[in-house]
Amino acid sequence: MENNLFGDQERQETFAVFADHVSSGKVQFFTGAGVDFIPGRREGIYMWDIGGEKRLIDCHCNGGVFNLGHRNPAILEQLKSALADLDIGNHHLISRQRAILAQKLAELAPGDLAYTVFGVGGGEAIDLAIKVARGYTNRQKIISARGGYHGHTGLALAAGDEKYYAPFGAPLSGFLQIPFNDIDALQKALDNETAALIVETVPATFGIAVPDPDYLAQARQLCHQQGSLLIVDEVQSGLGRTGKLWAVQHFGIEPDILVTGKGLSGGIYPITATCFRSELETVFHDDPFIHISTFGGSEVGCMVALKVLEISSDPAFLAHVQAVAGQFSNEYAKLQDKYPALLVRLRQLGMMMGIEMVNEMCGPLFTKAAFEAGLLSVYANNDTRVAQLLPPLIVQQEDVPEIMMRVDMALGGVSKVLGL
Ligand SMILES: Cc1ncc(COP(=O)(O)O)c(C=O)c1O
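1. What to know about the site of the ligand
Logical step 1: Close contacts around the ligand come from Gly121, Gly122, Gly123, Tyr149, His150, Gly151, Glu200, Asp233, Val235, Gln236 and Lys262, and that covers them all.
Logical step 2: Gly123 places a polar main-chain atom, nitrogen or oxygen, 2.8 Å from an oxygen atom of the ligand.
Logical step 3: One of the side-chain nitrogen or oxygen atoms of Gln236 is found 2.9 Å away from an oxygen atom of the ligand.
Logical step 4: In the complex, the protein chains occlude 80% of the 390 Å² of accessible area that the ligand would expose alone.
Logical step 5: Residue composition of the shell around the ligand, by class: two nonpolar, six polar and three charged.

Here you go:
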């Protein structure tokens, strides 16, 4: 069989070796939950188990890493041609590829985000955003949203929920969390010691919490009044996910710093970017080497990211995302009628979607039932009422009924377990 890459013995061996040398806890968790999947072949919107039999439609996409699908041919081609004469490059030296990619980001980003520092992971890029904000304002306080998620590295971790940093020692000073989408709370928290407010434009781990239409504009104004910066984390919401290149474009605001990652990799070569206003570059004037990252902005990665931006910023691509998003919303409306006791609403901005259900057990139950129905959908860890529905943006209109048929099956499974 074409997809049957490994036999059952190799599958079991993989679980055992992974448990012995990578993470025993993860093996216990996934096998215990009945999600005994090891990704093998992958293509477009699909992933197959290494045993070849089980196929999943990827509606997790690692939070946007696979916006352009798995092994997108245009991205693979770009990487191959970059490898003909490039490598990672030297992070201390001047780089033509980093220059061109930063220029492209400046052209596409909202407002005057003329400068970019590249990283490898999203957490690292958020860390730098916070460093720039503190260095520029000469203030320490960072305000973030409860339930928001910015990564597991130093400053990004400190801006997140306590449960993620508590096992690793005392919290870092200078961080304050407030409720998301609460302008009064922000007004109370912001003061002349605040370096920045950091928010995801649409908090993903908090359950695709789409803010009120004027929240971000008001936040922008309040930050401005206090001389504080606004950092938007578009690691998940950027690059076309919401039907616009950047989610902030829905809210008509210009941030001081924008962070992008995940999908910038094309699912092939890790790269992230912290983009900031020209003025903020003064932070690096005394010592341009004050922040460095060996693999940040690797030159082959820059070439991949350029192709990602070319595809994702194409108006036809964004129109496609909007059209398919509309189709998901129509199909969902039928399910809302079918499962009134289970479903609360579809949280949606373009193809950034979360299925809100009645209680905290629903998300995990949905993930399991969706897996059984052939769909990878992961619940929102900071609001487990919500199952994230994040298909690759290259999904075609004809795929939508099949995806929603599987969502229907999963909802049927959850209803049954809960006796609804
Ligand atoms: C909104 C957001 N910001 C930052 C990060 C951190 O990115 P990374 O895992 O690449 O460090 C994530 C990761 O899931 C994220 O969802």
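Read on, since the account is not over.
2. Remarks on the sheet that holds strand β8 (residues 229-233)
Logical step 1: The strand order across the open sheet built from seven strands is β4-β10-β9-β8-β7-β5-β6, with neighbouring strands paired in mixed fashion. Of all the strands in the sheet, the pair left with one neighbour each is β4 (115-119) and β6 (175-178). Within the sheet, the average angular offset between the axes of one strand and its neighbour, ignoring direction, is 20°.
Logical step 2: Across five bridges, β4 lies against strand β10 (residues 272-276) in antiparallel orientation. For Thr116, the partnering residue across the bridge sits in β10 and is Cys275.
Logical step 3: Together, β4 and β10 form the strand contacts of helix α4 (residues 96-108), whose direction differs from that of β4 by roughly 120°.

3. A few points about the environment of Phe37
Logical step 1: Locating Phe37 in the fold gives a position in the loop between α2 (24-32) and β1 (39-43).
Logical step 2: On the basis of relative accessible area, Phe37 is assigned to the buried category, the value being 14%.
Logical step 3: Separated by 26 residues in sequence, Phe37 and Arg11 have C-alpha atoms that sit 9.2 Å apart.
Logical step 4: With residues up to four places along the chain from it excluded, the contact list for Phe37 reads Arg11, Phe15, Met47, Trp48, Asp49, Lys54, Leu56 and Phe371.

4. A look at the packing of aromatic side chains
Logical step 1: A full pass over the atoms with the stated rule returns seven aromatic pairs.
Logical step 2: Taking the centre distance of 5.9 Å and the plane angle of 50° together, the rings of Tyr46 and Trp48 count as tilted.
Logical step 3: According to the relative accessible area criterion, Tyr46 is buried, its value standing at 19%.
Logical step 4: Look at Trp48 and you get buried, because its relative accessible area is 12%.
Logical step 5: With a centroid separation of 5.5 Å and an interplanar angle of 65°, the aromatic rings of Phe180 and Tyr215 are classed as edge-to-face.

5. As for a nonpolar patch on the surface
Logical step 1: On the surface, a cluster of nonpolar side chains totalling about 220 Å² of accessible area is made up of Val344, Val358 and Leu420.
Logical step 2: In this fold, Val358 is placed in the loop between β12 (352-357) and α12 (362-372).
Logical step 3: Overall, Val358 belongs to the partly exposed group, its relative accessible area being 39%.

6. Examining the state of the cysteines
Logical step 1: Under the defined criterion, the tally for this structure stands at zero disulfides.
Logical step 2: Considering cysteine sulfurs only, Cys61 is the nearest to Cys59, which forms no disulfide, with 6.9 Å between them.
Logical step 3: Looking at the unpaired Cys275, the closest cysteine sulfur is the one in Cys302, lying at 12 Å.

7. Considering unusual backbone geometry
Logical step 1: The phi dihedral of Asn181 is positive, around 70°, even though this residue is not glycine.
Logical step 2: One non-glycine residue, Lys262, lies in the positive phi region at around 35°.
Logical step 3: Looking at the element boundaries, Lys262 is found in the loop between β9 (257-260) and β10.

8. A look at the packing of helix α3 (residues 73-83) against helix α10 (residues 299-312)
Logical step 1: Orientation of α3 relative to α10, taken along the N-to-C sense of each, is 150°, at an axis distance of 9 Å. With respect to their mutual orientation, α3 and α10 come out roughly antiparallel. The element α3 and its partner α10 pack so that their crossing is right-handed. Touching Ala74, Ile75, Gln78, Leu79, Ala82 and Leu83 of α3 are Val300, Met303, Val304, Lys307, Val308 and Ile311, all from α10.
Logical step 2: Residues that form the contact of α3 with α10 fall into these classes: 10 nonpolar, one polar and one charged.

9. Comments concerning the sheet that holds β1
Logical step 1: Judged by pairing direction, the sheet is mixed, and its four strands sit side by side in the order β1-β2-β3-β13 without closing on themselves. Across the chains shown, the open sheet's two edge strands, defined by having one partner strand only, are β1 and β13 (375-376).
Logical step 2: Bridge count for β1 against strand β2 (residues 46-49) is three bridges, and the pairing is antiparallel. Across the sheet, residue Pro39 finds its bridge partner in β2, namely Asp49.

10. Overview of the pattern of salt bridges
Logical step 1: Under the definition given, this model contains 17 salt bridges.
Logical step 2: Between Arg277 and Asp256 there is a salt bridge, with its nearest N and O atoms 2.7 Å apart. Taken together, the positions of Arg277 in the loop between β10 and α10 and Asp256 in the loop between β8 and β9 put the pair 21 residues apart, joining distant regions of the chain.
Logical step 3: With a shortest N-O distance of 2.7 Å, Glu356 and Arg345 are connected by a salt bridge. Of the two residues, Glu356 is situated in strand β12 and Arg345 in strand β11 (residues 343-349); the sequence distance between them amounts to 11 residues.
Logical step 4: Overall, the relative accessible area of 44% leaves Arg345 in the partly exposed class.
Logical step 5: Linked by salt bridges that have partners in common, Arg345, Arg347, Glu356, Asp383 and Arg385 make up one network.

Conventions used here
Residues numbered from 1 in each chain as written. Predicted model: local features only at pLDDT ≥ 70, side-chain atom pairs only at ≥ 80, totals over all residues. Heavy atoms only, no water. Near = heavy atom within 4 Å. Polar contact = N/O pair within 3.5 Å; in protein donor to acceptor, adjacent residues only side chain to side chain. Areas by Shrake-Rupley, 256 points an atom, 1.4 Å probe, with all protein chains shown as cover. Nonpolar A, V, L, I, M, F, W, Y, C, P; charged D, E, K, R; others polar. Pairing = 2+ DSSP bridges. Helix = DSSP H or I, 4+ residues; strand = E, 2+ residues; numbered from the N terminus. Axes fitted to C-alpha atoms, helices over the stretch in contact; angles between N-to-C directions. Contact = heavy atoms within 4.5 Å. Buried < 20%, exposed > 50% of the residue type's maximum accessible area, 1.4 Å probe, protein only. Phe/Tyr/Trp six-rings, centres within 6.5 Å; stacked < 30°, edge-to-face > 60°. Patch = residues over 30% accessible without salt bridge, like charges linked within 9 Å, V, L, I, M, F, W, Y side chains within 5 Å. Salt bridge = Lys/Arg side-chain N within 4 Å of Asp/Glu carboxyl O. Disulfide = S-S within 2.5 Å. Parallel < 35°, antiparallel > 145°, perpendicular 65-115°, else oblique. Left-handed = near helix turned anticlockwise from the far one by under 90°.

As far as function goes, none of this settles anything; it's purely spatial.
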